[in-house]
Amino acid sequence: MLNKISKLFFALLVLALVGCGADTTREADKLYIDGKYQEAIAAYNEYLSTKPKDIKSLYNRGRAYEELGQVEKAKTDFESVLNIDADNVNANLSMGKYWYNNEQYDQAINFFDKVIRVDSKQGTAYLLKGRSLHKQGEFKDAVKNYNVAIDISNKNEEAYLFRGALRINLGQKRSACNDFNRAKELGSTEAASAFSKYCQ
């Protein structure tokens, strides 16, 4: 009887600890959503002190660091996620953005390609791969990636905007203006400025 009670107590204790952990990570997620990034990091730290390989919390803490401009700490968290799950779409996308922002476009493209291999419907990966190719002057390949981003979502205002900018460089004014107009309709103020400058 005592053994059964001990087992029951142990099971309840484990459930309570799991529940507490879940509460901590939910609290951290709420703080992040509310823009309280420093507090979110503290809550993620608390949760990760007992579950250091929790992918969701590692990634979200990295995003919180990113929002605070602490990009190297963010990178460390994204790399930790990839050490656990090399195919993690969010961490690969974030690492691609990291290298893009550091003007290391080949590195960035490697990560965007990993995302595309895992999930070919990730329009953001095609958009940012297009931007990386655009920056390197590889215009034809850039357009192909913008096209795919738009095929995935015809509400991708950035893909229309950047494809329009590229088409201006290629002397394709009519197509460029169509892209700027579409991006403007989707709410892009940059596209509205570009339309006014090149299309009137």
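The rules we used
- Note on numbering: residues in each chain are counted from 1, in written sequence order.
- In keeping with the predicted nature of the model, local features appear solely for residues at pLDDT of at least 70, side-chain atom pairs appear and are counted solely at 80 or more, and the whole-chain, interface and lining totals rest on all residues.
- For the side-chain quantities, the full set of heavy atoms in the structure was used; hydrogens and water were omitted.
- Note on geometry: axes are C-alpha line fits, over the in-contact stretch for helices, and angles between N-to-C directions span 0 to 180 degrees.
- Secondary structure elements follow DSSP: runs of H or I no shorter than four residues count as helices, runs of E no shorter than two count as strands, and numbering proceeds from the N terminus.
- If an angle is under 35 degrees, it is roughly parallel; if it is over 145, roughly antiparallel; if it lies from 65 to 115, roughly perpendicular; otherwise it is oblique.
- Definitions for this section: a left-handed crossing has its near helix turned counterclockwise from the far helix by less than a right angle. A right-handed crossing has that turn clockwise.
- By definition, residues are in contact when any of their heavy atoms lie within 4.5 Å.
- Each residue gets one of three labels, nonpolar for Ala, Val, Leu, Ile, Met, Phe, Trp, Tyr, Cys and Pro, charged for Asp, Glu, Lys and Arg, and polar for the others, Gly among them.
- In this analysis, the expected span of each helix is defined as 1.5 Å times one less than the number of residues it contains.
- For each residue, the accessible area found with a 1.4 Å probe, counting protein chains only, is set against the maximum for its type, and the residue is called buried under 20%, exposed over 50%, and partly exposed in between.
- Disulfide assignment relies on a single distance test, namely cysteine sulfur atoms paired within 2.5 Å.
- We define a salt bridge as a contact between a side-chain nitrogen of Lys or Arg and a carboxyl oxygen of Asp or Glu at a distance within 4 Å.

The next subject is the packing of helix H7 (residues 123-135) against helix H8 (residues 139-152). Close contact between H7 and H8 brings their axes to 8 Å; oriented N to C, the two are set at 160 degrees. Looking at the two axes, H7 sits roughly antiparallel to H8. With respect to the hand of their crossing, H7 and H8 are arranged in left-handed fashion. Side by side, H7 and H8 meet where Gly123, Tyr126, Leu127, Lys129, Gly130, Arg131, Leu133 and His134 of the first sit next to Phe139, Asp141, Ala142, Asn145, Tyr146, Val148, Ala149 and Ile152 of the second. Grouping the amino acids of the contact of H7 with H8 by side-chain chemistry returns nine nonpolar, four polar and three charged.

With 13 residues, helix H9 (residues 157-169) should reach 18 Å at 1.5 Å per residue; the first-to-last C-alpha distance of 19 Å fits that figure. Along H9, the residues that are buried comprise Ala159, Tyr160, Leu161, Phe162, Arg163, Gly164, Leu166 and Arg167. Lining the buried residues of H9 we find H7, H8, helix H10 (173-185) and helix H11 (189-198). In the stretch just after H9, glycine 171 is the one whose phi turns positive, near 80 degrees.

Turning next to the state of the cysteines. Enumeration according to the criterion identifies one disulfide in this entry. What pairs with cysteine 177 in a disulfide is cysteine 199, and their sulfur atoms sit 2.0 Å apart. Here the disulfide of cysteine 177 and cysteine 199 is left-handed, its torsion about the S-S bond being about -95 degrees. Placement of cysteine 177 in helix H10 and of cysteine 199 in the segment after H11 is noted, with a sequence separation of 22 residues between them. Cysteine 199 matches cysteine 177 in its accessibility class, with the two residues each being buried.

The next point concerns the pattern of salt bridges. For side chains bearing opposite charge, pairing can occur when the charged atoms are close. For the structure shown, the criterion picks out 11 salt bridges. Aspartate 29 serves as the salt-bridge partner of lysine 56, at 2.3 Å between the closest nitrogen and oxygen. Of the two residues, lysine 56 is situated in helix H3 (residues 55-67) and aspartate 29 in helix H1 (residues 2-33); the sequence distance between them amounts to 27 residues. Between lysine 144 and aspartate 141 there is a salt bridge, with its nearest N and O atoms 3.8 Å apart. In this pair, lysine 144 and aspartate 141 both sit in helix H8, three residues apart, roughly one turn of the helix. With a relative accessible area of 52%, lysine 144 lands in the exposed category. A relative accessible area of 32% means that aspartate 141 is categorised as partly exposed.

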